[in-house]
Amino acid sequence: MNIRTEVDKDFKAVFDVIKNAFENEAYSDHQEHYLVERLRKSDAFVPELSLVAEINNEIVGYILLTKIKIIDVNANSYDSLALAPVAVLPNFQGKGIGRKLIETAHEKAKDLGFSSVVLLGHENYYPRFGYKQAKEFGIKLPFDVPEANCMAIELMENGLQNVKGTVKYPKEFGIE
């Protein structure tokens, strides 16, 4: 398996991977592939954090981390990242591809100076990578979802120390 930065010629394959990966997800709006298209054109996009997983030169997985802000009650703003999405073709799931994508994305983000990641995802999957409920850090998402699915991780020691507030997603997420 090879993990590398996405390039323009990958866009169609990545679109298909994301669409197929989320096709049967009950808690999905099935629009993740369109979200990625919008995010690539946004100020929140960090090209080095848009990664593909290849096996035999076929793209079988994808992950994207994009810039977000966490805004506290005094309107102070803190930089963070959102993990959305991580996708693996159904036939390749359960083989460690998602794990490798997440671990590689975390390392690259840390190397770029980012200290935390926030996500909305499966409560039984992400804790194995060190994610904790976002409420433990005093962070909340700007919409109603179960607390168990709102998670965050510190990429650096104390990466979320004294950071409390509500996540502000880029406009491309369509969340106000």
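Before reading further, recall that the structure is shown in the block above.
Residues numbered from 1 in each chain as written. Predicted model: local features only at pLDDT ≥ 70, side-chain atom pairs only at ≥ 80, totals over all residues. Heavy atoms only, no water.

Q: Would you mind going over the pattern of salt bridges in detail, with residue names and values included?
A: Here the structure, examined in full by the defined rule, presents eight salt bridges. The salt bridge partner of Glu147 is Lys135, with a shortest N-O separation of 2.9 Å. Taken as a pair, Glu147 in the loop between strand 7 (139-140) and strand 8 (150-154) and Lys135 in the loop between strand 6 (132-133) and strand 7 lie far apart in primary sequence, 12 residues in all. Its salt-bridge partner being Lys171, residue Glu172 comes within 3.2 Å of it at the nearest N-O pair. Under the relative-accessibility criterion, Glu172 is labelled buried at 14%. In this structure Lys171 comes out as exposed when scored by relative accessible area, which is 67%. Where salt bridges share partners, they join Arg4, Asp10 and Glu54 into one cluster. (Salt bridge = Lys/Arg side-chain N within 4 Å of Asp/Glu carboxyl O. Helix = DSSP H or I, 4+ residues; strand = E, 2+ residues; numbered from the N terminus. Buried < 20%, exposed > 50% of the residue type's maximum accessible area, 1.4 Å probe, protein only.)

Q: Any chance you could break down the pairing of strand 3 (residues 58-71) for me, citing the residues and the numbers?
A: Walk down a regular strand and you will see the side chains alternate between the two sheet faces. Within strand 3, 10 of the 14 residues are buried, which leaves it mostly tucked inside the rest of the structure. Pairing of strand 2 (residues 45-55) with strand 3, which is carried by seven bridges, proceeds in the antiparallel orientation. Across the sheet, the residue bridging to Phe45 is Thr66, located in strand 3. Linking two consecutive strands that pair antiparallel, namely strand 2 and strand 3, is a turn of two residues; a positive phi of about 50 degrees is found at Asn56 within it. Sheet topology note: the strand 3/strand 4 (residues 77-88) ladder contains 10 bridges and is antiparallel. Its bridge partner being in strand 4, Tyr62 is matched across the sheet by Ala87. The antiparallel hairpin formed by strand 3 and strand 4 contains five residues in its connecting segment, where Ala75 sits at a positive phi of about 70 degrees. Sheet analysis places strand 3 next to strand 9 (residues 165-168), joined by three bridges and oriented antiparallel. (Pairing = 2+ DSSP bridges.)

Q: Can you lay out the nonpolar core for me, pointing to particular residues and giving the numbers?
A: One broad trend across soluble globular proteins is that nonpolar side chains are buried collectively. One finds Leu83, Leu101, Tyr126 and Tyr131 to be the most contacted residues of the largest nonpolar core, which totals 58 residues. Listing elements by their share of this core, those giving two or more residues are helix 1 (11-22), helix 2 (32-40), strand 2, strand 3, strand 4, helix 3 (97-111), strand 5 (116-120) and strand 8. The element best represented in this core is strand 3, accounting for eight residues. Contact partners of Leu101, with chain neighbours within four places excluded, come to Ile3, Leu51, Val52, Ala53, Gly61, Tyr62, Ile63, Val86, Ala87 and Val88. (Core = buried A, V, L, I, M, F, W, Y, C linked by side-chain atoms within 4.5 Å. Contact = heavy atoms within 4.5 Å.)

Q: Please give an account of unusual backbone geometry that cites residues and values.
A: Note the cis peptide between Ala84 and Pro85, where omega equals -5 degrees. Relative to the helices and strands, Pro85 is located in strand 4. In this structure, Ala75 is a non-glycine residue whose phi angle is positive, near 70 degrees. Its location among the elements puts Ala75 in the loop between strand 3 and strand 4. Since its relative accessible area comes to 60%, Ala75 is described here as exposed. Of note, Asn158 is a non-glycine position whose phi angle comes to about 60 degrees, a positive value. Structurally, Asn158 can be placed in the loop between strand 8 and strand 9. A relative accessible area of 43% means that Asn158 is categorised as partly exposed.

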